[in-house]
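The chain contents come next:
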Amino acid sequence: MGVRSLLDCGWCGGRSFRCSRVGAGFPVASLPPGFRVLWELDVRSTRLQGRKATEAVPRVGWAARVREAGAPLAIRSYRFHFTARLLSWTGSAVSPIALAFAVLRIGGGTGALGMVLAATVAPQILLLLVGGVVADRLPRARVMVWSNVVCAVAEGLAAVLLWSGAARVWHLVLMSGVCGAAAAFFTPAAGGIVKEVVPAELRHAANALLKIGQNVVKVGGPALGGVLVAVFGSAWAIGWDALTFAASAALFARIDLAPGPVKVRTGFLADLREGWEDFRSRRWLWVMVVQGALVVPVWLVGYQLLGPMYGARFLGGAGPWGVAVSGFTAGLVAGAAVALMWRPRMVGRVVCAGTGCMALPLAAMAAGAPLLLLVAATAAAGTGLAISMTVWAGLVQERIPADRLSRALSYSTLGQLLPVPVGYLLAGPLSRAVGLRVTLAAGALVIALAAVVPLVVRQVRDLAMAAGQAAQDGEPVPADTAGASARAPR
């Protein structure tokens, strides 16, 4: 999609200039910076259309890459989406610490805290598929608005009960359940909104910017939560989370979506079945979801559950383990920054390589590696994870039609979420039976195998971004790769 069609669709908000004036020789230098980048992309892609697939494209300089990286922020609807997500992540980073201390304050123990946390996950598992259907049926921005409104009301009531001293554990369980149910609708809608508000040539940068924002918040969010709870109390911290939900809802409400094609109304079960058939027909997609169903629970068990135990036994306590965790969070930020500047062409191989990096910290702990080596391993895992998640998001948005994207994402998320409780239940008995280090070694082996085995499937091995986008990134597009992309699954 070129600049003129972007402006016709209203991405500039009708505030800066008219499309006809650009076409009539309106000076490009007077365009806003973000739209100058869009213009350059349009001109570049027009020039590339006449090239043969075997011809290498001149590489783009770093200065142009930096300008291009921030171009999505010139799109009004994306700015609202980006700012809203950043606010919401800030509240979500504070919430776990606030909830934990709120439960302790009203007399609950570890069992009560477990009930509160479980109440967040269970509704997501039950309602994710429903949320995918709803997000494909209704305007996604509207689904995101009401999901945030529901969470703002639930957390606001919980904060008021905590302030008044009337809160009970069941109040917090109910609040967590309501927010978990809202998340089941929000997640599929948010996964599809970028495709609607950002043109294809800027979508990779848009996904990378979101990932950078999310990972930066992950670094500073828990510390902010600890300060809020220590200085003001858990009620104020939960109130802050409610406020971020409300502010995010107001921003999501300002997202302008172009009218989509008229949808033929069918029954809910028919939509659900259509989503499943579409998901099942994409072999590359369900193979990678199976990969995630193995990697996600093993990683969460090995890193989040057994990792602190390893730190306490072999590293000397929470301090050294905190250093290892900081390596992972730094890697997340670095990986997102790398993904912002680098758009790999062979996405399937990059995603599998990034997934394989997640085996490194578990292997380092199993081998009793020194702390510095463990920090390097966690940093590599964070970097690989951020890169793989960013490029995978762009590929899914490119391959799956917008009217089915939310259902595909809901099936994908559910497939990776379902095994997590089983992993948590098995981790304790297994580590006691065979030992902590053996369990970590087994986890590293499972992740490594899960990363490599999908590459045996040709549809995964040949997963590539569109030739036009690879060309824009300055990489040569050989003839056989272009043919593979044309033959690639939907």
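Read on for an overview of the structure. Keep in mind that this is a model prediction, so the values were computed, not measured.

## Quick look at the overall build of the protein
When helices and strands are counted, the protein shows 22 helices and zero strands. Across the 490 residues that make up the protein, the buried fraction comes to 51%. By sequence separation, contacts in the protein at least 24 residues apart represent 86% of the contacts at least 6 residues apart. Here the protein displays about 21400 Å² of accessible surface, and carbon together with sulfur accounts for 69% of that area.

## Observations concerning a nonpolar patch on the surface
On the surface, a nonpolar cluster with roughly 650 Å² of combined accessible area is contributed by Val160, Trp163, Val227, Val231, Phe232 and Trp236. Where the nonpolar patch is concerned, the elements lending two or more residues are helix H7 (140-164) and helix H9 (200-231). With respect to the element layout, valine 160 can be found in helix H7. Residue classification places valine 160 among the partly exposed positions, given a relative accessible area of 46%.

## Examining the pattern of salt bridges
Under the defined criterion, the tally for this structure stands at 13 salt bridges. In this structure, arginine 137 and aspartate 271 form a salt bridge, with 2.6 Å as the shortest nitrogen-oxygen distance. Residue arginine 137 is located in helix H6 (residues 110-137), and its partner aspartate 271 is located in helix H11 (residues 268-281); the two are separated by 134 residues in the primary sequence. Look at aspartate 271 and you get buried, because its relative accessible area is 9%. Linking aspartate 278 and arginine 282 is a salt bridge whose minimum nitrogen-to-oxygen distance equals 2.9 Å.

## Points about helix H14 (residues 347-356)
Of all ten residues that make up H14, seven are buried, and the element is covered over most of its length. Within H14 the residues assigned to the buried category are Val347, Gly348, Val350, Val351, Cys352, Gly354 and Thr355. Residues of H14 that are buried sit in contact with helix H12 (283-315), helix H15 (359-366), helix H16 (371-399), helix H19 (436-452) and helix H20 (458-461).

## Some thoughts on helix H5 (residues 76-105)
Since the α-helix turns once every 3.6 residues, residues separated by three or four places project in the same direction. For H5, with 30 residues, the first-to-last C-alpha span of 43 Å sits near the 44 Å given by 1.5 Å per residue. The largest bend along H5 reaches roughly 35° and is located at serine 95, with the proline proline 96 sitting one to four residues downstream. Positioned one or two residues after H5, glycine 107 has a phi angle of 95°, which is positive.

## Some details on the state of the cysteines
Across all of its chains, the model carries zero disulfides by this definition. Free of any disulfide, cysteine 151 has its nearest neighbouring cysteine sulfur in cysteine 179, separated by 3.8 Å. Under the relative-accessibility criterion, cysteine 179 is labelled buried at 11%.

## Quick look at the side chain of arginine 343
In this fold, arginine 343 is placed in the loop between helix H13 (318-341) and H14. Within the structure, the side chain of arginine 343 is placed 3.3 Å from the backbone oxygen of glutamate 201, a separation counted as a polar contact.

## Focus: the packing of H5 against helix H8 (residues 169-197)
Where H5 contacts H8, the two axes come as close as 13 Å, and the packing angle between them is 160°. For the element pair H5 / H8, the angle class is roughly antiparallel. Relative to H8, the crossing made by H5 is left-handed. Of the residues in H8, those in contact with Ser77, Tyr78, His81, Arg85, Leu99, Ala102 and Val103 of H5 are Leu172, Met175, Ser176, Phe186, Ala190, Ile193, Val194 and Val197. Among the residues forming the contact of H5 with H8, the class breakdown is eleven nonpolar, three polar and one charged.

## Considering the packing of aromatic side chains
Throughout the structure, instances matching the rule amount to twelve aromatic pairs. Arranged with centres 5.0 Å apart and planes meeting at 65°, the rings of tryptophan 163 and tryptophan 236 form a pair that is edge-to-face. Here tryptophan 163 is found in helix H7, whereas its partner tryptophan 236 is found in helix H10 (residues 234-252), with 73 residues between them in sequence. Between tryptophan 284 and tryptophan 392, the aromatic rings sit 5.6 Å apart at their centres with planes inclined by 70°, giving edge-to-face as the arrangement.

## Some words on the nonpolar core
Ranked by size, the top nonpolar core spans 33 residues in total, and within it Tyr78, Met144, Val198 and Phe252 carry the most contacts. Contributions of two or more residues to this core are made by H5, H7, H8, H9, H10 and H13. With seven residues, the top contributor of residues to this core is H9. Every residue in contact with phenylalanine 252, bar those within four places of it in the chain, is listed here: His81, Ala84, Arg85, Ala141, Met144, Val145, Asn148 and Phe186.

## Brief notes about the packing of helix H18 (residues 419-434) against H19
Where H18 meets H19, the closest approach of the two axes is 6 Å, and the angle between their N-to-C directions is 120°. Here H19 runs oblique to H18, going by the angle between their axes. Between H18 and H19, the residues in contact are Leu430, Ser431 and Val434 and Leu436, Val438 and Thr439, respectively. In terms of residue class, the contact of H18 with H19 is built from four nonpolar, two polar and no charged.

Thresholds, definitions, all that
- Residues numbered from 1 in each chain as written.
- Predicted model: local features only at pLDDT ≥ 70, side-chain atom pairs only at ≥ 80, totals over all residues.
- Heavy atoms only, no water.
- Helix = DSSP H or I, 4+ residues; strand = E, 2+ residues; numbered from the N terminus.
- Buried < 20%, exposed > 50% of the residue type's maximum accessible area, 1.4 Å probe, protein only.
- Contact = heavy atoms within 4.5 Å.
- Areas by Shrake-Rupley, 256 points an atom, 1.4 Å probe, with all protein chains shown as cover.
- Patch = residues over 30% accessible without salt bridge, like charges linked within 9 Å, V, L, I, M, F, W, Y side chains within 5 Å.
- Salt bridge = Lys/Arg side-chain N within 4 Å of Asp/Glu carboxyl O.
- Expected span 1.5 Å × (residues − 1).
- Bend = angle between axes of the 7 residues up to and from the residue.
- Disulfide = S-S within 2.5 Å.
- Polar contact = N/O pair within 3.5 Å; in protein donor to acceptor, adjacent residues only side chain to side chain.
- Axes fitted to C-alpha atoms, helices over the stretch in contact; angles between N-to-C directions.
- Parallel < 35°, antiparallel > 145°, perpendicular 65-115°, else oblique.
- Left-handed = near helix turned anticlockwise from the far one by under 90°.
- Nonpolar A, V, L, I, M, F, W, Y, C, P; charged D, E, K, R; others polar.
- Phe/Tyr/Trp six-rings, centres within 6.5 Å; stacked < 30°, edge-to-face > 60°.
- Core = buried A, V, L, I, M, F, W, Y, C linked by side-chain atoms within 4.5 Å.

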